[in-house]
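Residues per chain are reported as follows:
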Amino acid sequence: MPSAIPNITATAAGDIKTTEVEVPATNGFGKKLNGSATWHVGDHDHARSTSPSNCSINSFNQSFNANVTDAWDQPIPDGAFGTYETEAGGPRSRTYARIRSWGDDPKTARFPRISKPVELMRHSYDCVVIGSGYGGGVAASRMARAGESVCLLERGKERWPGEYPEGTGDALGQLHYSGEFAPGWLPRKIVDGGDPTGMFHMIFGNGQNAIVCNGLGGTSLMNANVYLEADKDTLQLEAWPVEIRGNPDCLDPYYEKAAEVLEPEPYPEDWPRLPKLDLLQKQATYMNMEDKFRRVKQTTRFRNGPNSCGVEMSPSALTGQDTTGLNDGSKNTTLVTYLADAWNWGADMFCESEVRYITKAPDNQTGYIVYFAWHGRNRGHFKANLHGDLMWVHARKAVFLGAGAIGTTEILLRSRNMGLELSEKIGRNMSGNGDILGFGYNVDHEVNAMGKPFPSPYHPIGPCITGIIDNRAGHDNPLDGYVIEEGTMPGALAPFLQAMLELLPGSVEPTGEGLVDKVKANLARVGSALLGPYFRKGAIERTQVYLIMSHDSNQAYLALKDDKPVLEFIGVGRSDHVKYLNQVLEKATKAVGGTFVRNPFYALMGQQQVTVHPIGGAYMARDGTGSTGVTNHRGEVFAGPGKETHPGLIVTDAAAIPTALGANPFATITALAERSVDLYAKDMGLEIKTMKNGILDLFGSPQYPHHHRHYGWKEHIEDTQESAKINSAKSAITAARRMNDAGFGFTEVMSGYIHRDKGLKRDNVDTYVLAARTAKSLSETARFFLSVQSFNIRSIVHDPNHRALLTGTFVCPTIEGSPFMVQRGDFNLFLLDRKAPGTRNLTYDFDMRGINGRKLHFHGYKVVDSSVALSPFHFWKSTSTLYVTITEAVPESERRCSDADESGLLGEIVAKGIMRIQPADFLSEVMTLTPTGSSLLQKVMSAGNFLTFFTRKSMSLLLAPLTPLQYPSQTYTGFVNNTIPTKSFKIRARDGVVTSLHMWEPTNPTVEPKNLFMIPGASVDHQIYALPTIRYNAVNYFRRAGYRVFVPVHRIGMLMVAQNDWTTFDTRLDLRACLEKIRNDFSEPGKDPEPTYTIAHCMGSVALSTGLLDGTIPASWIKGLTCSQVFMNPIWHTMNMIKIMALPIPADRLYRFLAGDWFSFSTGKNDSLLQKAFNELLRFMPDERKELCNNASCHRCTLALGRCWNHRNLNEATHRQIDRFFGGASMTLMHLLMKQGVAGGVMGNGPLYERLDTPDNIRRLKGIPIMLFVGRDNAVLSPESTERTYEILTDTFGTGDDVNGVQYRRRVVPDYGHLDCWMGRNAWKDVYPFVREEVDRVVRGEAYHFQEPRDEFKKLIDSGKLLY
């Protein structure tokens, strides 16, 4: 049977001769129809119908609509577009209407990314370009080709074809609105909402509203692609500078440059007919303007292949979606032209960067500082900080403003408020370019102007604008000229377009309609309402969209209210000219039987217009001075009312245009930008390279990466260091992308008080508290706004450093150079603190640069230690309190040295203080937690991994007493100071017991060597003085002071012989034998041996006292004594007394009964079940919260002796390996110690246990200078031990017998316990010095003053590598 589809001849804009070519007709997927069909389109005929008849356009509309309802939406037949369907330049079917991936492997990289993460931004560039539309794109491309380093800042995000919104929901999610909402029937209100980086930015104003685009590519992403040059009459208007109005042809070569890049071309004659284009031609005829109708040049591509800049493009799929972004890859936006070219020549582009204002660089630098708000990493949740704590970049030579008329003007207005001298005309003379939007609703002809993401190839919509009625020429007054364009409405507006057109007041109904016409019109309305906007016979599919470009009054201005831009377009919607143009559109609509509806804003907002082409605000002056404009003809910004300009501050966008153009402006914007940049380049002696790009690999590297020029040796060094950090960060980011890794990030705000004082050198809490208190009294506030980002979740979870990148700002007005930029800093989450046991730190380490070029280093850490155990309150306090040190910057090679206690604290101190997280900021921080990944599953897994890690680490600290015990490890490496004895000797006591004596020669050749005997306590050995896990131990210290150091390991120390039930009383024999060895072998030949100064600790001191008191050790052998913690009157601390007195059975007897005579302080995972059970019980011993730990050996030491240290004074290596420095104790020794501690005096062995501290024995001590010291927090022995001894000595001998001064001294050491006085990481500064002073006083005389030798330890101290 014959086909129901008629033969169609579509006549194009001109009288185009058609020919007929018969081809087999098909139906469905390759099924042939009866006969053949012919479709005339331009110079090609296409098989469609078996009927040989021809139809006019009018008969086509009638017969087609009468006979075929949805034939266009059927499956695509082979050869649907005839002979040109298979051509490379042919139209595309719906399959190609949206790009799904630009890469070969969509799993790893679906879309290109030519912008960079802000983490890779340098601190300064030759040129900074603001905005990425036509003006910004031109500047970025040309300056990059000229060899300048270029930084481009764009407020929106980077989106490529395939990522633009299509549906209503997607589009609304991309909407940002701001300005002054001023409907005629409501009070005005400043509004600001939606996504600030959203693609569509609606700017409300009074009189006219504007719509612009945010995104890499600017408004070119959503414009209608129309390339219209300004007519010469317009360029000769008085508003233009004389350099242009006197020679309007001066723009011609720059129009040519723009066209060479953007490649505009009209809709091809041989492409499918477009009903909206045909209808506009018919309307032009009806209005006697057929000679003014033409197909307009546009930047839509109608062929495959690379564009002028080397980006592969696709031909248009004719979706009509131009104004929400074309997803078919056919649009020559600046993204795929100028910006891709800039990327290829080494420009750095950064998105989500909203420039706020510009200032001149400080006097010691050239150029400008560009301040911007970075919206990335969810920083918008901190609303109070986003626009307050601004990031910045230094432009050494030039800033090109291309943020659009409104954006550029807003930036300059705010810059003026911040002190930049500008013309008073800034913000004035703005225009909506005479834009008028209107609709010819429900006309008598098919229009097909509703965009569709996937149009049927039978029913293409076309590009947004393809035809115009150009009525600019032939007017006495050029301001009377205008252009009428047909257009499309994007599919996102489809759901509510009909309701809007039907219900808005002010529409003009057609007149003279008969009953039949009215019925048809109403049926069309009902059809669209019931069957949707794409119903072929419906009113929406019969709606023509109009856009007029004309000349308005240019009387608008932009102002800042509450620091927000507000538009004032006075009288635009009510001018006679606008009324006349609306009448023209009414006439055109009436001619085709439709209802004319003005733009929705006209009715909703009280006769207001909407423009997509705002221009002016930073306009060119007509007389070359700032009294009539903001910039000169070159776009350079005036520095006041005269001719003086800010060198290198150049406007390159629509803001510089002084008057409405009466045409789509982007061609003129581009030409003016090309001109301004060209003139700047010539002034600077720059050569803009003109060679063509090859085909660009957008997933690869640029063909011409920028090589930074250096301006001096200092800049060279800094640039090299910065490049190294950037390359390191880039490698991490690239590796994460290549491996398709997921990441995690968050943003944090902390504030507090930081005091500037170079004397704040100590690294302890008291110093930070003092600094913060002082800073608060002086109002020295500080704040940072930092984003933390890990691009690979595995690195922050599994790497021992748990590192992520820091980016943001630090503000402290009292420190010169503030605000400081933070780039590529280090954040470490729960980093093991090697300075304190059982402690995890959250550290912030970064170099930061001030606007004056000053470079400082910030080191901050949050301490999460045992004090948080079982206390959520303390956990919050610890994780929200940051201890901050700011130092002068040091070279990176020094910063990364391995021999510093804390490399972040190197350099001269500048300031210290404390910063905290406020609860409100913490809630905002939680909202910024964001996983990254290429799929939803990856993001979920990333979030899960991070939260699991965070929870696990947090709980291990919060529930520290309940975590698995820490047993000794064989592989731990923390020995940083292996102090090997010069010689070691075996010593035999008079009872035959063999022990050891270690000797170290002095290292200070400038001082006469003297002997120093240092006696350790019970269960330990020489290592408490020669500790290998701290950088500077006691042996090191006294050798530097010129002493030959002797340390015995006696029979109750860490020797096998200690298990033979020896006591402190027996140990006196070892000490006598050691003193004999020293006197005999290390005295001057031929002279009587000198007495030896002796330092004794704990039970070593008790043992020495028994030998002196009973006469075993002659007092004449002792030059002087320093007794650590105790001498002859041991009194146990309260907890030890409880173990002795409170239990029904003494602890030593109970243990002897259960486990034998020897108690080892060490243990292991392979210990007996009894010992392991014992270890588990010991974790519940009562103690202060801050002293809790899970080290099994530490617990055993505490049980036997009492807690031997304040944990915070030990470092992690010492505490972790405490088993290596402790042996054990026999129950016989423990029994004697218990008795002595209860009695308060030294005793002999059992069974008599005679007291030795009798008055007669004490008199034997006469003449020996004795200093006693004790840790204030000693939990082994009571401070009363030394106090009682001191009282006895002074009562017995008085205090004035020593001619060199006080003979007996006592000192209490704050914040120290027992053994940490010798093993503490800071004992070299807190304890050793006063001990040495006493030794020097007694040995070398009161007049002696110690001089520090210039050795390795002095260098460590002076460089800051040895922390205090």
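My aim in this report is to walk through the structure given alongside it, one point at a time. (Residues numbered from 1 in each chain as written. Predicted model: local features only at pLDDT ≥ 70, side-chain atom pairs only at ≥ 80, totals over all residues. Heavy atoms only, no water.)

**Some thoughts on the pairing of strand E22 (residues 544-549)**
Most of E22 is tucked away, with 6 of its 6 residues classed as buried. With burial as the criterion, each face of E22 is covered, one bearing Gln544, Tyr546 and Ile548 and the other bearing Val545, Leu547 and Met549. The pairing of strand E19 (residues 436-441) with E22 spans 5 bridges and is antiparallel. Looking at E22, one finds that Leu437 is bridged to Leu547. As paired elements, strand E21 (residues 482-487) and E22 share 5 bridges and run antiparallel to each other. When the bridges of E22 are listed, Ile484 appears paired with Ile548. (Buried < 20%, exposed > 50% of the residue type's maximum accessible area, 1.4 Å probe, protein only. Helix = DSSP H or I, 4+ residues; strand = E, 2+ residues; numbered from the N terminus. Pairing = 2+ DSSP bridges.)

**Brief notes about the sheet that holds strand E40 (residues 1010-1015)**
In any sheet, the strands associate via hydrogen bonds between backbone groups, in a parallel or an antiparallel arrangement. If you trace the 8 strands from one edge of the open sheet to the other, you get E38-E39-E41-E40-E42-E43-E46-E47, paired in mixed fashion. For this open sheet the edge positions go to strand E38 (983-988) and strand E47 (1304-1309), each flanked by a neighbour on one side alone. Taken pair by pair, the neighbouring strands of this sheet meet at an average axis angle of 20 degrees, ignoring direction. Across 6 bridges, strand E46 (residues 1266-1271) lies against E47 in parallel orientation. (Axes fitted to C-alpha atoms, helices over the stretch in contact; angles between N-to-C directions.)

**Here we look at the pattern of salt bridges**
Summed over all chains, the structure comprises 75 salt bridges. In this structure, Lys116 and Asp348 form a salt bridge, with 2.7 Å as the shortest nitrogen-oxygen distance. One end of the pair, Lys116, is in the loop between helix H1 (57-67) and strand E6 (124-130); the other, Asp348, is in strand E15 (residues 348-350), with 232 residues separating them in the sequence. Note that Glu180 and Lys561 form a salt bridge whose closest N and O atoms lie 3.4 Å from each other. In this pair, Glu180 sits in strand E8 (residues 175-181) while Lys561 sits in strand E23 (residues 557-561), placing the two residues 381 residues apart along the sequence. By relative accessible area, which is 6% here, Glu180 ends up buried. Of the residues examined, Lys561 reaches a relative accessible area of 31% and is grouped as partly exposed. Each of the salt bridges in this network shares a partner with another, and the network as a whole consists of Arg155, Glu354, Arg356, Glu410, Arg414 and Asp563. (Salt bridge = Lys/Arg side-chain N within 4 Å of Asp/Glu carboxyl O.)

**Considerations on empty space enclosed by the protein**
Counted according to the given criterion, the structure contains 13 cavities of 30 Å³ or more. Considering only enclosed or pocket space, the largest cavity measures out at about 190 Å³ in volume. In terms of lining, the largest cavity is formed by 13 residues, of which the most central are Glu722, Arg824, Asp847, Arg849 and Lys855. For the lining of the largest cavity, the secondary structure elements donating two or more residues are helix H16 (713-738), strand E32 (820-832) and strand E33 (840-850). Looking at the lining of the largest cavity element by element, the count peaks at 4 residues for H16. Its residues placed into classes, the lining of the largest cavity shows 2 nonpolar, 3 polar and 8 charged. (1 Å grid on protein atoms, 1.4 Å probe; cavity = no way out; pocket = protein on both sides within 12 Å on 5 of 7 lines; lining within 4 Å. Points joined across faces, edges and corners; volume = space filled by probe spheres on them. Nonpolar A, V, L, I, M, F, W, Y, C, P; charged D, E, K, R; others polar.)

**Quick word on the environment of Gly246**
Structurally, Gly246 can be placed in the loop between helix H5 (242-245) and helix H6 (252-262). Linking Gly246 and Gln236, residues 10 residues apart in sequence, is a C-alpha distance of 6.8 Å.

**Examining the nonpolar core**
Core analysis: the biggest nonpolar cluster contains 125 residues, and Met143, Leu153 and Phe400 have the highest contact counts within it. Element by element, the count of residues in this core is highest for helix H15 (residues 666-684), at 9 residues. Aside from chain neighbours lying at most four places away, what touches Met143 is Cys127, Glu148, Val150, Phe400, Val677, Tyr680, Ala681 and Leu686. Core analysis: the second largest hydrophobic core is formed by 107 residues, Phe1038, Phe1159, Trp1205 and Val1327 among them. (Core = buried A, V, L, I, M, F, W, Y, C linked by side-chain atoms within 4.5 Å. Contact = heavy atoms within 4.5 Å.)

**Let's talk about the sheet that holds strand E25 (residues 595-598)**
One open sheet accounts for 6 strands, arranged E12-E20-E21-E22-E19-E25; its pairing is antiparallel. Edge positions in the open sheet fall to strand E12 (293-295) and E25, since each of these has one partner strand only. Across the sheet, the mean angle separating the axes of adjacent strands is 25 degrees when strand polarity is ignored. Relative to E25, E19 runs antiparallel, the two sharing 4 bridges. Pairing of Phe439 across the sheet is with Val597, part of E25. Across the sheet, helix H7 (residues 275-286) is in contact with E12, strand E20 (467-471), E21 and E22; its angle to E21 comes to roughly 145 degrees.

**Points about the packing of helix H24 (residues 1064-1081) against helix H25 (residues 1098-1109)**
One way to put it is that H24 packs onto H25 with a least axis distance of 8 Å and a crossing angle of 80 degrees. With respect to each other, H24 and H25 are oriented roughly perpendicular. Between H24 and H25, the contacting residues are Thr1064, Phe1065, Thr1067, Arg1068 and Leu1071 on the first element and Met1099, Gly1100, Val1102, Ala1103, Leu1104, Thr1106 and Gly1107 on the second. Considered class by class, the residues forming the contact of H24 with H25 number 6 nonpolar, 5 polar and 1 charged. (Parallel < 35°, antiparallel > 145°, perpendicular 65-115°, else oblique.)

**Notes on the side chain of His859**
With respect to the helices and strands, His859 occurs in strand E34 (residues 855-864). In this structure the side chain of His859 is engaged in a polar contact, spanning 3.0 Å, whose partner is the side chain of Asp845. (Polar contact = N/O pair within 3.5 Å; in protein donor to acceptor, adjacent residues only side chain to side chain.)

**Some remarks on unusual backbone geometry**
Note: most peptide bonds trans; most residues except glycine with negative phi. Along the chain, Ser818 connects to Pro819 via a cis peptide bond; the corresponding omega equals 5 degrees. The topology assignment puts Pro819 in the loop between strand E31 (803-811) and E32. Of note, the bond from Gly1246 into Pro1247 is cis; its omega dihedral lies within 30 degrees of zero at 10 degrees. Here Pro1247 lies in the loop between helix H31 (1227-1239) and helix H32 (1255-1259). The phi torsion at Asn433 lies on the positive side, around 60 degrees, for a residue other than glycine. Residue class for Asn433 comes out buried when judged on its relative accessible area of 0%. For Asp563, which is not glycine, the phi dihedral falls at a positive 65 degrees. On the secondary structure map, Asp563 appears in the loop between E23 and strand E24 (564-568). What makes Asp563 partly exposed here is its relative accessible area of 37%.

**Some remarks on the packing of aromatic side chains**
For the structure shown, the criterion picks out 40 aromatic pairs. Aromatic pair Tyr768 and Tyr861: ring centres 6.1 Å apart, planes at 85 degrees, arrangement edge-to-face. Taken together, the residues Tyr768 in helix H17 (residues 765-777) and Tyr861 in strand E34 connect sequence positions 93 residues apart. Like Tyr768, the residue Tyr861 is buried in the burial classification. With a centroid separation of 5.1 Å and an interplanar angle of 65 degrees, the aromatic rings of Phe827 and Tyr844 are classed as edge-to-face. One end of the pair, Phe827, is in strand E32; the other, Tyr844, is in strand E33, with 17 residues separating them in the sequence. No difference in accessibility class separates Phe827 from Tyr844, as the two residues are buried. Members of the aromatic cluster, each reached through a chain of ring pairs, are Tyr1025, Tyr1032, Tyr1037, Phe1038, Phe1269, Trp1318, Trp1324, Tyr1328, Phe1330 and Phe1353. Note that Lys452 overlies the ring of Tyr534, its terminal NZ or CZ placed 5.1 Å from the centroid. Above the face of the Tyr1043 ring, Arg1340 is positioned so that its terminal group lies 4.6 Å from the ring centre. (Phe/Tyr/Trp six-rings, centres within 6.5 Å; stacked < 30°, edge-to-face > 60°. Lys NZ or Arg CZ within 6 Å of the ring centre and 35° of its normal.)

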